[in-house]
Each structure stands twice: as structure tokens, then as C-alpha cells.
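# Structural characterization, general
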Amino acid sequence: MISIIIPTLNEEEYLRKTTLHTINKSFNRDELELIIVDAGSRDDTLESIKDLDVTIFSKPEFALKKFESLNYGVSKSHGELIIFLDADTLLPNHFDDLIESKMRQNNVVGGAFEFAFERPDWKLSLVTILNRIRYRFGKIFYGDQAVFVKKEVLDEIGGVPEEPLMETAYLCKALRKRGKLTIIRPALKTSARRFKTYGFFNVAWFDLNMLIRFNLGLSVSSYAKKYWGKNLKT
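Let us look at the structure shown here. (Residues numbered from 1 in each chain as written. Predicted model: local features only at pLDDT ≥ 70, side-chain atom pairs only at ≥ 80, totals over all residues. Heavy atoms only, no water.)

A few words on the packing of helix α4 (residues 122–138) against helix α8 (residues 200–215). Orientation of α4 relative to α8, taken along the N-to-C sense of each, is 10 degrees, at an axis distance of 12 Å. For the element pair α4 / α8, the angle class is roughly parallel. Taken together, the residues of α8 that come into contact with α4 (itself represented by Lys-123, Leu-124, Val-127 and Arg-134) are Phe-200, Phe-201 and Leu-211. In the contact of α4 with α8, the residues fall into 5 nonpolar, no polar and 2 charged. (Axes fitted to C-alpha atoms, helices over the stretch in contact; angles between N-to-C directions. Helix = DSSP H or I, 4+ residues; strand = E, 2+ residues; numbered from the N terminus. Parallel < 35°, antiparallel > 145°, perpendicular 65-115°, else oblique. Contact = heavy atoms within 4.5 Å. Nonpolar A, V, L, I, M, F, W, Y, C, P; charged D, E, K, R; others polar.)

Below you can see the structure in the form of C-alpha cells.
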């Protein structure tokens, strides 16, 4: 079984679409478990999926602590493989079969999907190219790439690191010490809502500063409140 954990906070615009897409694009729905961990949404996020075959947990104490939502979802999961999926990200066709094929390769403990925006313009296409160069060399993946990992390996390293920002990047750092990380193609599609809401250059500059600090081994926690505060309603 594959367990897909979707952390949410005010995601009524995206969650139903993403959940239905995930179910419809799976190769074997019977071997798929969807877990929604909601961090206290004030909109109709949970109402939008109440008729769907998913497991829902409401944990408002996890607001602004995405790593808490991910780890809680893992603790309630039954799958041998975990996928961390953002609520505004659409996986490619037969994503579960693609993952299982990759995980049969020698010493692979996890990975992520090729990154792409849902409706790119030239500026977003540039971000995509730079992103792909970055993670091909470093094998450091972000949350919008649907990071996946063997549950037993995740348990061995103590779960998702308790970092208020870039939690999957820190996770990948830990996983690289346990085995190989792989990239799956074709690409998933994620929304560009942050760029559209707050301006391309503002978001690009903000993200670049976080990336530089991360690569220098400096803490990025000081950026967390601003980052999550911006995205509470986006």
C-alpha cells in the first residue's frame, strides 16, 4: 500500500481537485491510502472533500508547522511507501506504478517527481529550468515535488525533520545518507499561486535567500513566519 499525506490549511480552492485527480490518475486505487491532515482551516477545505474516500484529521495545533502535519499523517498511515503531496499539486498518470518501478532499483530509498508549473509563462519557465538544474545536482527536493520515501527508512531517521520551513529539503539531506534518491518523469504540475499573488520578483528573491542560507548550512527558521503568514489564505 502507498499512503499519500496531504497537509492542508485553507485549501478549499485546490484540495478537491487534487484529491480527485490523485484518485483518478492512480494505477491501483485499491492499494492507495489518502490522508488529509488539516491545520485548522477557516474556509471550506474539509467540507469540499467530505464525500470522498479519504481519511481526515483536524489538527489546528499544527498551524505553521507543516512538519507536524506530515509526521502525524505518517503515524496514522498503513502504507509501506509514503508520498508527501501538496494540496495544489497534480501527479502524472499512473504515478503509483511509476514510483513502485523506481523503488525496485538497487539502494533507492526515496525521491520526487520532475517539477513543472501548471500554467507557465516565460518567467515561470525560467524558474523551472533553474529548479531542475538545482535538484539534479543536489538531490534536494521541495514539497511541491511530491517527495516519496520508504516508511521504514523514514522511521529509522526519526521522521520528517522538525524544521518550520524547507522540511522536505532537510528530509532529503538525511535520506541521502541512507541510500539513493531518484527523480520520476513525466513531471507533476503545481500551481504558481505564490508568484501570481505576491509578484514574481518578490517571491523569487525571497526563495533565493532561503536557498542560499540552506546551502550555507544556516537556519531558515527566521523566514518561516513570513512564508506561512503569506500563504495562510493562498
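With that settled, the discussion passes to the nonpolar core. Within the largest apolar cluster, 47 residues are counted, with the highest numbers of intra-cluster contacts made by Ile-5, Phe-84, Phe-141, Leu-165 and Met-166. If we skip the residues at most four places from it in the chain, Met-166 touches Tyr-142, Met-210, Phe-214 and Val-220. If you look at the next biggest cluster of nonpolar residues, it comprises 25 residues, including Ile-4, Leu-52, Leu-85 and Ala-87. (Core = buried A, V, L, I, M, F, W, Y, C linked by side-chain atoms within 4.5 Å. Buried < 20%, exposed > 50% of the residue type's maximum accessible area, 1.4 Å probe, protein only.)

The next subject is the layout of surface pockets. Considering only enclosed or pocket space, the largest pocket measures out at about 1,300 Å³ in volume. Lining the largest pocket we find 48 residues, and of these Tyr-142, Asp-144, Arg-194, Asp-207 and Tyr-227 sit closest to its centre. The set of elements that each furnish at least two residues to the lining of the largest pocket consists of β1 (2–8), α2 (66–75), α4, α6 (167–175), α7 (193–198), α8 and α9 (224–230). With 8 residues, α8 is the largest single contributor of residues to the lining of the largest pocket. Among the residues making up the lining of the largest pocket, the classes are represented as 27 nonpolar, 9 polar and 12 charged. (1 Å grid on protein atoms, 1.4 Å probe; cavity = no way out; pocket = protein on both sides within 12 Å on 5 of 7 lines; lining within 4 Å. Points joined across faces, edges and corners; volume = space filled by probe spheres on them.)

Following the sequence through the fold, His-21 ends up in helix α1 (residues 15–25). Here His-21 falls in the buried class, since its relative accessible area comes to 19%. Of the polar contacts made by the side chain of His-21, one reaches the backbone oxygen of Leu-91; its length is 2.7 Å. With sequence-adjacent residues up to four places away left out, His-21 is seen in contact with Leu-90 and Leu-91. (Polar contact = N/O pair within 3.5 Å; in protein donor to acceptor, adjacent residues only side chain to side chain.)

Attention now moves to the pattern of salt bridges. Using the criterion set out here, one finds 15 salt bridges in the structure. In this structure, Glu-11 and Arg-193 form a salt bridge, with 2.8 Å as the shortest nitrogen-oxygen distance. Here the residue Glu-11 occupies a position in the loop between β1 and α1, and Arg-193 occupies one in helix α7, the gap between them amounting to 182 residues. For the salt bridge of Glu-118 with Lys-17, the shortest nitrogen-to-oxygen distance reads 2.9 Å. Taken together, the residues span a long stretch of sequence, with Glu-118 in the loop between β6 (108–113) and α4 and Lys-17 in helix α1 at a distance of 101 residues. (Salt bridge = Lys/Arg side-chain N within 4 Å of Asp/Glu carboxyl O.)

Mapping Leu-46 onto the fold places it in the loop between β2 (32–38) and β3 (55–58). The class for Leu-46 is partly exposed, based on a relative accessible area of 23%. Between the alpha carbons of Leu-46 and Ile-82 there is a distance of 22 Å; along the sequence they are 36 residues apart. The contact partners of Leu-46, leaving out residues within four places of it in the chain, are Ile-36, Asp-38, Ile-56 and Ser-58.

With omega at 10 degrees, the peptide bond leading from Arg-185 into Pro-186 counts as cis. Inspection of the secondary structure assignment puts Pro-186 in the loop between β8 (180–184) and β9 (189–190). Phi is positive for Leu-64, which is not a glycine, with a value near 70 degrees. The topology assignment puts Leu-64 in the loop between β3 and α2.

Evaluated as defined, the whole model comprises 1 cavity of 30 Å³ or more. The space that makes up the largest cavity amounts to roughly 30 Å³. Surrounding the largest cavity, Tyr-14, Lys-17, Thr-18, Asp-88, Thr-89, Leu-90 and Glu-118 form its lining. Listing elements by their share of the lining of the largest cavity, those giving two or more residues are α1 and β5 (89–90). The class makeup of the residues in the lining of the largest cavity is 2 nonpolar, 2 polar and 3 charged.

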